[in-house]
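Secondary and tertiary structure notes
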Amino acid sequence: GNSVTQMEGPVTLSEEAFLTINCTYTATGYPSPFWYVQYPGEGLQLLLKATKADDKGSNKGFEATYRKETTSFHLEKGSVQVSDSAVYFCALSDHGEAAGNKLTFGGGTRVLVKP
Amino acid sequence: DGGITQSPKYLFRKEGQNVTLSCEQNLNHDAMYWYRQDPGQGLRLIYYSQIVNDFQKGDIAEGYSVSREKKESFPLTVTSAQKNPTAFYLCASSVWGRVSGNQPQHFGDGTRLSIL
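Residues numbered from 1 in each chain as written. Chains lettered and ligands numbered in written order. Predicted model: local features only at pLDDT ≥ 70, side-chain atom pairs only at ≥ 80, totals over all residues. Heavy atoms only, no water.

We now examine the overall build of chain A. Per the secondary structure count, chain A includes zero helices and 12 strands. The order of helices and strands in chain A, counted from the N terminus, is β-β-β-β-β-β-β-β-β-β-β-β. Counting only C-alpha atoms and orienting by the principal axes, one finds that chain A spans roughly 45 × 30 × 20 Å. Counting over 115 residues, chain A shows a buried share of 46%. By sequence separation, contacts in chain A at least 24 residues apart represent 57% of the contacts at least 6 residues apart. Accessible surface, chain A as shown: approximately 5400 Å² in total, 49% of it carbon and sulfur. Taking the 10 positively charged and 12 negatively charged side chains of chain A as two groups, their mean positions are separated by 2 Å. (Helix = DSSP H or I, 4+ residues; strand = E, 2+ residues; numbered from the N terminus. Buried < 20%, exposed > 50% of the residue type's maximum accessible area, 1.4 Å probe, protein only. Contact = heavy atoms within 4.5 Å. Areas by Shrake-Rupley, 256 points an atom, 1.4 Å probe, with all protein chains shown as cover. Lys, Arg positive; Asp, Glu negative; His and termini not counted. Charge placed at Lys NZ, Arg CZ, Asp CG, Glu CD.)

And the structure:
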């Protein structure tokens, strides 16, 4: 089956700092990667996604490029804000009728942005 | 607005009791999912359902049961056989099918279950 590895947190940053969260995966099929964000006490929200190799997903200043050659989907933001404090999850789905839309999640990375 | 509603937000259970967590969606999605999240950890799949009256075990189904009598609803029962039920439970839904792999899952706001 698929597996997703993302860097462990917590990651503590000052406001306006650059953020990178690494995510790598192993997969047997044709996966599509996602980043989800979870704010305290809430469910997960889709942050961005990619469909094919070299696609760049972007949303709210966050970006991630789907690199098949390195099996990675690293999340970046150039200038973080206190409101970006949350837990970030990298996830992978597989194509194909049998796989449908099941997701495999990484363990999550907690990010804390200080003013 | 379409979305997923989980209730209640907080739930308390006495040892030996079964409890049922509600999940309703109005997104017209075929597939629904239940996840368990423990503090500081990722999500683990409990059960999922691709279509009404059908469901499959996920990675940690022991001590849990589900039903899917309606497309909109996928309740989860935490039975007394689940020895460590205290956790945050998340319900999700999505489209399902051969070309759905790049479609995201949509999540509810979760139910936090605690043992008294």
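Back to the write-up after that little detour.
What follows deals with the layout of surface pockets. For the largest pocket, the calculated volume is near 490 Å³. Gln38, Val87 and Arg110 of chain A together with Gln37 and Gly40 of chain B are, among the 28 residues lining the largest pocket, the residues nearest its centre. Within the residue set of the lining of the largest pocket, elements represented by two or more residues are strand E10 (86–94) and strand E12 (109–114) of chain A together with strand E9 (87–94) and strand E11 (111–115) of chain B. Residues of the lining of the largest pocket, tallied by class, amount to 12 nonpolar, 12 polar and four charged. Lining the second largest pocket are 17 residues, and of these Asn2, Lys102, Leu103 and Thr104 of chain A together with Asp59 of chain B lie nearest its centre. Counting residues per element, the ones that place at least two in the lining of the second largest pocket are E10 and strand E11 (103–105) of chain A together with strand E4 (31–37) and strand E5 (43–51) of chain B. (1 Å grid on protein atoms, 1.4 Å probe; cavity = no way out; pocket = protein on both sides within 12 Å on 5 of 7 lines; lining within 4 Å. Points joined across faces, edges and corners; volume = space filled by probe spheres on them. Nonpolar A, V, L, I, M, F, W, Y, C, P; charged D, E, K, R; others polar.)

A separate point is the pairing of E4 of chain B. All names here are of chain B. Among the seven residues that make up E4, seven are buried, leaving the element largely enclosed by the rest of the structure. Of the two faces of E4, the one holding Ala31, Tyr33, Tyr35 and Gln37 and the one holding Met32, Trp34 and Arg36 are both buried throughout. What sits between the antiparallel neighbours E4 and E5 is a turn of five residues, in which Gly40 has the positive phi angle 70°. (Pairing = 2+ DSSP bridges.)

Spatial relationships are all this shows, so hold off on functional conclusions.
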